[in-house]
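Descriptive structure summary
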Amino acid sequence: MSIDLEALYVDLHSNPELSFQETRTAGIAAAHLRELGLDVQEGIGRTGVVGVLTNDPSLRLADARSVQATGSGPRGPVVWVRADMDALPVTEETGLPYASTAVGVDPDGETVGIMHACGHDMHVTAMIGAVERLVAERDQWSGTLVVIIQPAEEYGEGARAMLDDGALNRFPRPDVVLGQHVGPLPAGVIGVRPGPQMSASDGLKVVLHGRGGHGSRPESTIDPIVMAASTIMRLQTVVSREVAAGDPVVVTVGSVHSGTKNNIIPADATLQLSLRYPDDQQREKVLEKVHRVIRAESAASGAEHEPDITTLHTLPATINDADATARAVAAFHAAFGEQAVIDPGLITGSEDVSWFARDAGVPLVFWFWGGVDPQQFAAATAKGTLDSDIPTNHSPFFAPVIHPTIEVGVTAMVAAAREFLA
Ligand code: ZN
Ligand code: ZN
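Residues numbered from 1 in each chain as written. Chains lettered and ligands numbered in written order. Predicted model: local features only at pLDDT ≥ 70, side-chain atom pairs only at ≥ 80, totals over all residues. Heavy atoms only, no water.

Concerning the domain arrangement of the chain
Domain annotation of the chain identifies domain 1 (5-198 + 317-420) and domain 2 (200-315). Each of domain 1 and domain 2 has a C-alpha centre, and the two are 37 Å apart. On the domain 2 side, the residues contacting the 13 residues of domain 1 number nine residues. Taken together, the two surfaces of domain 1 and domain 2 that pack against each other cover about 850 Å², and 60% of this comes from carbon and sulfur. On the domain 1 side of the contact with domain 2, A317, T348 and S350 bury the most area, a combined 45% of that side's loss. (Domains from an automatic or database assignment. Contact = heavy atoms within 4.5 Å. Buried area = accessible area lost by both parts, 1.4 Å probe.)

Some remarks on the coordination of the zinc ion (ligand 1)
Looking at the zinc ion (ligand 1), one finds its protein donor set to be C118 (SG), E154 (OE), E154 (OE) and H394 (NE2), positioned 2.0 to 2.7 Å from the metal centre. Around the zinc ion (ligand 1), the four donor atoms are arranged such that angles at the metal cover 53 to 150°; this shape is classified as irregular. Positions of the donor residues of the zinc ion (ligand 1) along the chain correspond to the pattern C-x35-E-x239-H. Here the zinc ion (ligand 1) and the zinc ion (ligand 2) are spaced 3.0 Å apart, linked through C118, which binds each one. In this pair, C118 sits in the loop between β5 (111-113) and α4 (120-136) while E154 sits in the loop between β6 (143-150) and α5 (158-164), placing the two residues 36 residues apart along the sequence. (Donors = N, O, S within 2.8 Å, 3.2 Å for Na, K, Ca; no water. Tetrahedral: all angles 85-135°; square planar, octahedral: opposite > 155°, others 65-115°. Helix = DSSP H or I, 4+ residues; strand = E, 2+ residues; numbered from the N terminus.)

Thoughts on the sheet that holds strand β3 (residues 78-84)
Read from one edge to the other, the open sheet built from eight strands follows the order β1-β2-β6-β3-β7-β18-β8-β17, with strand pairing classed as mixed. Since the sheet does not close on itself, it has two edges, and those belong to β1 (39-44) and β17 (341-342), each with one partner. In the sheet, strand β8 (residues 190-191) pairs with strand β18 (residues 364-372) via two bridges, with the strands oriented antiparallel. Residue pairing for β18: G191 is matched across the bridge by F368. Strand contacts of helix α11 (residues 374-383): β7 (176-186) and β18, with the helix running at about 60° to β7, the strand carrying the most contacts. (Pairing = 2+ DSSP bridges. Axes fitted to C-alpha atoms, helices over the stretch in contact; angles between N-to-C directions.)

So, helix α9 (residues 322-336)
Taking 1.5 Å of rise per residue, 15 residues should cover 21 Å, and α9 covers 20 Å from first to last C-alpha, within 8% of that figure. Regarding α9, the residues found buried are A324, T325, A328, V329, A331 and F332. Projected down its long axis, α9 carries its buried residues within an arc of 160°, all on one side. In α9, the exposed positions angled more than 90 degrees off the buried face are occupied by D323 and A334. In this structure, the buried side of α9 is in contact with β8, β16 (318-320), β17, β18 and α13 (405-420). Near the N-terminus of α9, the side chain that reaches the backbone nitrogen of D323, with its oxygen 3.3 Å away, is that of D321. Once α9 ends, the next one or two residues include G337, with phi positive near 90°. (Expected span 1.5 Å × (residues − 1). Buried < 20%, exposed > 50% of the residue type's maximum accessible area, 1.4 Å probe, protein only. Arc of directions from axis to C-beta. Polar contact = N/O pair within 3.5 Å; in protein donor to acceptor, adjacent residues only side chain to side chain.)

Quick word on the packing of helix α1 (residues 5-14) against helix α2 (residues 23-35)
The contact between α1 and α2 brings their axes to 10 Å, and the two run at 160°. Taken together, the axes of α1 and α2 lie roughly antiparallel to each other. Where α1 crosses over α2, the two elements pack in a sense that is left-handed. Along the contact surface, α1 presents L8, D11 and L12, while α2 presents R24, T25, I28 and H32. Among the residues making up the contact of α1 with α2, the classes are represented as three nonpolar, two polar and two charged. (Parallel < 35°, antiparallel > 145°, perpendicular 65-115°, else oblique. Left-handed = near helix turned anticlockwise from the far one by under 90°. Nonpolar A, V, L, I, M, F, W, Y, C, P; charged D, E, K, R; others polar.)

Concerning the coordination of the zinc ion (ligand 2)
For the zinc ion (ligand 2), the full set of protein donor atoms is C118 (SG), H120 (NE2) and H181 (NE2), and the range of their distances to it is 2.1 to 2.3 Å. Sequence spacing of the donor residues for the zinc ion (ligand 2), all on one chain, is C-x1-H-x60-H. For C118, a relative accessible area of 7% gives the class buried.

Structural notes on the nonpolar core
Counting residues in each nonpolar core, the largest one holds 63 residues, and the members touching the most others are L178 and W367. Contacts of W367, omitting those with residues within four sequence positions, involve L178, G179, Q180, H181, I190, G191, V192, F332, A412, M413 and A416. Of all hydrophobic cores here, the second largest spans 27 residues; its members include V52, I148, L163 and V189. (Core = buried A, V, L, I, M, F, W, Y, C linked by side-chain atoms within 4.5 Å.)

What about the pattern of salt bridges?
Inspection of every chain in the model, using the stated rule, returns 18 salt bridges. Between E219 and R217 there is a salt bridge, with its nearest N and O atoms 3.6 Å apart. One continuous salt-bridge network, built from bridges that share partners, spans R82, D84, E351 and D352. (Salt bridge = Lys/Arg side-chain N within 4 Å of Asp/Glu carboxyl O.)

Written out as structure tokens, the structure is:
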């Protein structure tokens with residue numbers, strides 16, 4: 001009797017849930033993990049699930065001979081394998097027979113369509129398949145497998161929530177953390193690199209304080225709109241003038257709000273920024289430059305109050321440990337052949353998976369696996385239309401092919417986990 005992974009995937013895809021609302025998904029994952037014999041706890045970091053499988057074949061043999069077991073703690077290497085499970089406020093437009101029609105309410109109280117537009121349904125499916133295989137192969141390895149089914153990756157908050165809920169103290173601490181993400185690569189291809197794999201990011205909110213007054217008498221005011229305009233333009237020089245050409249840094253002002261009427265100079269202006277950097281060193285430097293520009297433009301306008309700069313969210317860079325990644329790549333080569341494993345370059349998206357490894361002080365390996373029909377991918381590559389023809393994560397048209405994406409995800413996770421289990 002084996003789990004029907006295609007049915008599981010279609011079910012999860014058709015029933016997506018927003019971040020921190022993944023109760024149905026969590027329940028399904030927990031039930032499968034329990035059936036597979038894991039020790040499962042739910043509600044970790046609100047909706048997260050943790051399953052633990054302590055496996056010592058020699059001990060089982062000893063038990064069978066009625067020799068008393070010693071201790072009950074973790075045995076051998078402890079490997080954390082993580083899958084995220086939340087969906088996005090996106091209305092699905094794939095036209096697939098199993099497309100989602102779900103709607104829900106987001107934290108702002110807005111009614112939104114919900115879709116697994118980032119493939120986290122595939123992550124959960126592949127994880128359940130991988131655990132099933134690891135359980136079936138349990139006489140071939142020893143150690144402790146800890147399965148993390150994480151909520152709210154899309155808010156960048158789920159990993160933090162599980163850690164704040166004591167994940168590192170309540171479960172065996174990891175020696176290594178593994179995770180994978182489905183993406184716009186051909187199905188069958190694994191993309192992984194040592195070092196920076198995904199950008200760090202910060203979201204900032206900036207309130208610039210001026211002094212309001214009549215639009216006909218600017219001399220009696222401190223105009224926050226001119227202040228905001230100068231700040232926005234000057235911020236564009238951070239990347240173009242102060243960061244080396246080869247460093248993938250992004251400074252985006254994604255929102256600007258000020259004023260209500262043509263003849264009123266408002267009292268303040270609010271900007272929202274999205275910042276991306278390849279590593280912690282760049283993060284520190286770029287943040288310092290951005291703060292400097294904002295403060296200096298405020299002072300240049302004669303502002304009487306310092307601007308308020310608050311962090312909306314912060315995500316660390318996803319940095320793959322060099323030695324652990326080399327081991328995982330060797331395992332992928334053995335499983336799929338060398339041709340199937342590529343370096344995808346630094347992805348400027350961001351992830352919260354590395355909080356687990358950072359808090360534990362252990363290596364992380366995080367890789368991508370392809371979900372695009374290889375023929376479709378080859379045709380788009382030949383035409384030079386990859387960017388327009390292949391829907392990427394977060395698109396309402398994002399639709400990984402079911403096969404062989406599930407099988408490759410299962411095999412990749414098993415191969416990497418076995419590499420670090422004894
Ligand atoms: Zn996403
Ligand atoms: Zn994602």
